[in-house]
Amino acid sequence: MTRIITGFVLGVIVLLSLIAGGWALFLLTLLFIIFATKEYVIILKHKGFYPSLKVILFADAFLAVLAYLNKFNMLSFAITICSISTFMWVLFKGRQPYIANVATTILGFIYGGLFPLYLIFLRDIGSAPTYSYMLKSTGDCVGQGFVILLFFSVLVTDVGCYYFGCNFGRHKLAPIISPNKTIEGSIGGTACAVAVSFIIGYIIHLAWYHCVIAGILIAIFSQIGDLCESLIKRDAGVKDSGSTLPGHGGFLDRTDSYVFTLPVLYYYFQYVVHNPNTIRSICDFFKGLW
């Protein structure tokens, strides 16, 4: 019951923030990033690594402000500054193991800081009112429909994987990293993701083939994200990333399915669905080389 209540409350808050966008989504994303970053640093300490929490939080805040201002073109600049800051921290205040501490600090603000911020970039797709893909019910822009599609598709992927895995699972998907996950569960979760993507895609006027591709991408990368977080925890010898969320563990445990899915879906929706001319230009470029 604790797990159900926590999941319901958290889901409502996230859904309302996705719909509202703006400050609400920015603050929610930043809150998740801060808690997840602290959990990440604690996990790595179990492994004997000492990434800098202060450097990661500085980088997270820097990247978050750029995301809120929709300065996507400045991300490479920000990552460069944050990476140099990481080496400076190790140079002047770090301790052994030096290389591992540099690597895990940079990984911290990429994995736990940059990737989640793609939620804001995804929500901002088509923010100008001239774009045509819109929700019928609200008249809002495409980004709102995309994040809602992503949210529910990831949710049903997790539920589908669990249901089909428990009832039909026979073959292990990743026996060393996560022995309870099965290939049958993965296939069932993918089918659920595609079905929900179809339903929401119909509402937001998304072509059926984009619904299929988006559903498959969401299912694949949400499961990869889940497995990668399990890999980090298993390598560090911990069961849960934290205990902040009653019945659910930590923030990393609840958001791992979104970490890789967000950037992948952003690039797909932005450059394939929303701006198909970009793909045509790339194809024309390679044709010209031949």
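Analysis parameters
Residues numbered from 1 in each chain as written. Predicted model: local features only at pLDDT ≥ 70, side-chain atom pairs only at ≥ 80, totals over all residues. Heavy atoms only, no water. Pairing = 2+ DSSP bridges. Helix = DSSP H or I, 4+ residues; strand = E, 2+ residues; numbered from the N terminus. Buried < 20%, exposed > 50% of the residue type's maximum accessible area, 1.4 Å probe, protein only. Disulfide = S-S within 2.5 Å. Axes fitted to C-alpha atoms, helices over the stretch in contact; angles between N-to-C directions. Parallel < 35°, antiparallel > 145°, perpendicular 65-115°, else oblique. Left-handed = near helix turned anticlockwise from the far one by under 90°. Contact = heavy atoms within 4.5 Å. Nonpolar A, V, L, I, M, F, W, Y, C, P; charged D, E, K, R; others polar. Salt bridge = Lys/Arg side-chain N within 4 Å of Asp/Glu carboxyl O. pLDDT = per-residue confidence, 0-100.

Once that is clear, we can look at the pairing of strand β2 (residues 178-182). Direction of pairing for strand β1 (residues 172-174) relative to β2: antiparallel, over a ladder of two bridges. Bridge pairing in β2 places Lys172 opposite Thr182. Taking the residues between adjacent antiparallel strands as the criterion, β1 and β2 are bridged by three residues.

Another point: unusual backbone geometry. Although it is not a glycine, Asn70 adopts a positive phi angle of roughly 60°. The residue His205 is not glycine, and still its phi comes out positive at about 65°. Along the chain, the position of His205 falls in the loop between α7 (183-203) and α8 (208-236). Accessibility expressed as a relative area gives 39% for His205, which makes it partly exposed.

The next point concerns the environment of Phe77. For Phe77, the position within the fold is in helix α4 (residues 75-93). Separated by 80 residues in the primary sequence, Phe77 and Thr157 place their C-alpha atoms 35 Å from one another.

With that out of the way, let us pick up the state of the cysteines. Should the sulfur atoms of two cysteines be covalently bonded, the bond is a disulfide. Following the criterion strictly, the structure yields zero disulfides and no others. Cys192 takes part in no disulfide bond, and the closest cysteine sulfur, belonging to Cys161, lies 8.0 Å away. For Cys192, a relative accessible area of 23% corresponds to the partly exposed category.

Attention now moves to the packing of helix α5 (residues 98-123) against helix α10 (residues 261-274). Interaxial distance between α5 and α10 falls to 8 Å at its minimum, and their mutual angle equals 30°. Here α10 runs roughly parallel to α5, going by the angle between their axes. Seen from above, α5 lies across α10 with left-handed handedness. On α10, the residues touching Phe115, Pro116, Tyr118, Leu119, Phe121 and Leu122 of α5 are Leu262, Pro263, Leu265, Tyr266, Tyr267 and Phe269. Across the contact of α5 with α10, the residue classes break down as 12 nonpolar, no polar and no charged.

Let's shift gears to the pattern of salt bridges. One pass over the structure, following the stated rule, counts four salt bridges. Linking Asp226 and Lys181 is a salt bridge whose minimum nitrogen-to-oxygen distance equals 3.6 Å. Placement of the pair is Asp226 in helix α8 and Lys181 in strand β2, with a sequence separation of 45 residues. Exposure remark for Lys181: the relative accessible area of 25% places this residue in the partly exposed category. A salt bridge links Lys233 to Glu229; its shortest N-O distance comes to 3.5 Å. In this pair, Lys233 and Glu229 both sit in helix α8, four residues apart, roughly one turn of the helix. Per residue, the accessibility class of Lys233 equals that of Glu229, and both read buried. Linked through salt bridges whose partners overlap, the residues forming this network are Glu229, Lys233 and Asp253.

On to the confidence of the model for the protein. Keep in mind that low pLDDT regions are not for reading the predicted coordinates in detail. Looking at the protein, pLDDT values average 86 and 90% of them are 70 or higher. Helix α11 (residues 276-289) is the least confidently modelled element of the protein, averaging 72 in pLDDT, while α7 averages 94, the highest of any element. Low pLDDT (under 50) marks residues 128-140, which in the prediction has 25 contacts with non-local residues, meaning those over four places away or in another chain.

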